[in-house]
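# Structural overview
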Amino acid sequence: MIYFDNAATTAPYKEALEAYMTASEKYFYNTASIHQSGKDAARLLEAARAQILELMDLKKYDLVFTSSATESNNIAIQSMLKKKKQFGKTILTSELEHPSIVNVLEEMKKDGFTVKYINTMADGTVDLEHLKILLNSDVVFVTVMALNNIIGSVQPIKEITGMLKDYPKIHFHVDATQAIGKADLDYNGVDTISISAHKFNGVKGIGGLFVRDLATLRAVQYGGGHEYNIRSGTVNLPGIVAMAKALRLTLGEAREVNKRLSRFNKKIRDGVKGLKAVYLQPEAAPYIVNMSFAGAKGEVVVNALSKRGIAVSTTSACASKLATLNETLLALDNEDKIIEGSIRISMGRNTAEDDVNKLITALQEVYEELGDVLK
Ligand code: PMP
């Protein structure tokens, strides 16, 4: 299978798997145990934490290890809002967020919060002028993702951090799950930031929440008090060590990989240019190309490519089982037939030129095969 679904998940680095194995064999101990082996494991944990903070250029931050970005987003939103209720009830967010943000915010509405959506510009970034209009003394929480998982648009995080300086009551959360190695963003000043190792060639089941001030958070589930009493549960040390390794490797090769993927991105776009019913979403981060076969269903295109040994996704793996129109594509004012016929092609460090050539041929063949349904 030729893999073009790297926004859903990535193949782990061999080195990350080796680090996972070594830590599992030599440091399987509980980092909370007070015997020498436990202390050795705890030392390794702290070394990995410090390395990740340094690599992210967030040395003044703390880092809470979690199981996933979904968990990190839940902790940031639920724990913050428990505390903030008395200070205000308005939450601002983009229209582009992942379900692990949107669905948590929908839950918070039941607790009396109001959720307002910041408009989206034609290029898939949030409208900062609209954000300015929405800001007022009732706003306690703003959450905007760093890089959108459907079309790859990179959000103006630094500008938003700057705008929020005048509102000290507001907690600013960024879901940076898709951005690691893909966009060089400055997160300093953001209150909490979520990441997930399996999106940057680490292993699954490990994520993180960077925190500017630990005192702003509290646990949303209770237990033995691990991870600053915010995320109890025996720490996944092998996953963490593998995540530190994957992060170092990802950031180290990011420039070279992104350059290559930019070339591939252009090649794919050029490859479908002559196909009349194919509609391309605006260009954004190079690893994602979102295109629609207008008139067809995205699932049909995904299946036709799958039969040819090529793996792509409909709008997103998480949402593709739901029969609703994708929010990101709706926010960009796409017609229904464009949204229904959309597929997401997402590349990664392992994508080769030959894979891209095969993909283009397959896209052209599928287009021919679909024939009259396309318009
Ligand atoms: N946020 C974004 C933007 C994502 O793309 C994803 C993964 N699809 C998540 C959050 C959830 O990540 P995880 O799988 O680690 O829970």
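Residues numbered from 1 in each chain as written. Predicted model: local features only at pLDDT ≥ 70, side-chain atom pairs only at ≥ 80, totals over all residues. Heavy atoms only, no water.

## Concerning the site of the ligand
Residues in close proximity to the ligand total 14 residues, the closest being Thr70, Asp175, Gln178, Ser196 and Lys199. A distance of 2.9 Å separates an oxygen atom of the ligand from a polar backbone atom of Ala69. Within the contact set of the ligand, an oxygen atom lies 2.5 Å away from a side-chain nitrogen or oxygen of Thr70. Residue composition of the shell around the ligand, grouped by class: three nonpolar, nine polar and two charged. (Near = heavy atom within 4 Å. Polar contact = N/O pair within 3.5 Å; in protein donor to acceptor, adjacent residues only side chain to side chain. Nonpolar A, V, L, I, M, F, W, Y, C, P; charged D, E, K, R; others polar.)

## Concerning helix α9 (residues 298-307)
Within α9, the full set of buried residues consists of Gly298, Val301, Val302, Ala304 and Leu305. Viewed along the axis of α9, the buried residues span an arc of 165°, placing them on a single side of the element. Packing partners of the buried residues in α9 comprise β10 (288-293), β11 (310-311), α11 (336-340), β12 (342-346) and α12 (353-370). Backbone geometry just after α9 places Gly309 at a positive phi near 85°. (Buried < 20%, exposed > 50% of the residue type's maximum accessible area, 1.4 Å probe, protein only. Helix = DSSP H or I, 4+ residues; strand = E, 2+ residues; numbered from the N terminus. Arc of directions from axis to C-beta. Contact = heavy atoms within 4.5 Å.)

## A closer look at the packing of helix α2 (residues 36-55) against helix α8 (residues 237-272)
Their axes nearest at 9 Å, the elements α2 and α8 cross at an angle of 25°. Looking at the two axes, α2 sits roughly parallel to α8. In this structure, the crossing between α2 and α8 has a hand that is left-handed. Between α2 and α8, the contacting residues are Ala41, Leu44, Leu45, Ala48, Gln51, Ile52 and Leu55 on the first element and Leu237, Ile240, Val241, Met243, Ala244, Leu247, Arg248 and Leu251 on the second. Its residues assigned to classes, the contact of α2 with α8 shows 13 nonpolar, one polar and one charged. (Axes fitted to C-alpha atoms, helices over the stretch in contact; angles between N-to-C directions. Parallel < 35°, antiparallel > 145°, perpendicular 65-115°, else oblique. Left-handed = near helix turned anticlockwise from the far one by under 90°.)

## Some thoughts on the side chain of Lys182
Within the secondary structure layout, Lys182 lies in the loop between β6 (171-175) and β7 (192-196). Glu253 provides the closest opposite charge to the buried, salt-bridge-free Lys182, at an N-O distance of 9.1 Å. Not counting residues within four places of it along the chain, the set of residues in contact with Lys182 comprises Leu147, Lys199, Asn258 and Tyr287. (Lys, Arg positive; Asp, Glu negative; His and termini not counted. Salt bridge = Lys/Arg side-chain N within 4 Å of Asp/Glu carboxyl O.)

## Here we look at the packing of α8 against α12
Each pair of packed helices can be described by the angle between their axes along with the distance between the axes. Interhelical geometry of α8 versus α12 gives an angle of 20° and a closest axis separation of 10 Å. When the axes of α8 and α12 are compared, the pair comes out roughly parallel. The crossing of α8 and α12 is right-handed. Across from Arg263, Phe264, Lys267, Ile268, Gly271 and Val272 in α8, the residues of α12 making contact are Glu353, Val356, Asn357, Leu359, Ile360, Leu363 and Gln364. Grouping the amino acids of the contact of α8 with α12 by side-chain chemistry returns seven nonpolar, three polar and three charged.

## A short note on the nonpolar core
The biggest cluster of nonpolar side chains holds 90 residues, and the ones touching the most others in it are Tyr187, Phe210, Met291, Phe293, Ile343, Ile345 and Leu363. Among the elements that line this core, the one with the most residues is α8, at 13 residues. In contact with Met291, not counting residues within four places along its chain, are Ile268, Val272, Val278, Tyr279, Leu280, Gly341, Ser342, Ile343, Ile345 and Leu363. Residues Phe113, Val140, Phe141 and Leu209 belong to the second largest nonpolar core, which totals 20 residues. (Core = buried A, V, L, I, M, F, W, Y, C linked by side-chain atoms within 4.5 Å.)

## Some remarks on the domain arrangement of the protein
Domains assigned within the protein are domain 1 (2-8 + 254-373) and domain 2 (14-249). Spacing between the C-alpha centres of domain 1 and domain 2 amounts to 28 Å. Taken residue by residue, the interface counts 22 residues in domain 1 and 22 residues in domain 2. Inspection of the domain 1/domain 2 interface yields zero salt bridges. Where domain 1 packs against domain 2, one counts nine residue pairs in polar contact (both at pLDDT 80 or more). Broken down by secondary-structure element, the contributors of at least two residues to the side of domain 1 that touches domain 2 are α8, β10 and α10 (327-331). (Domains from an automatic or database assignment.)

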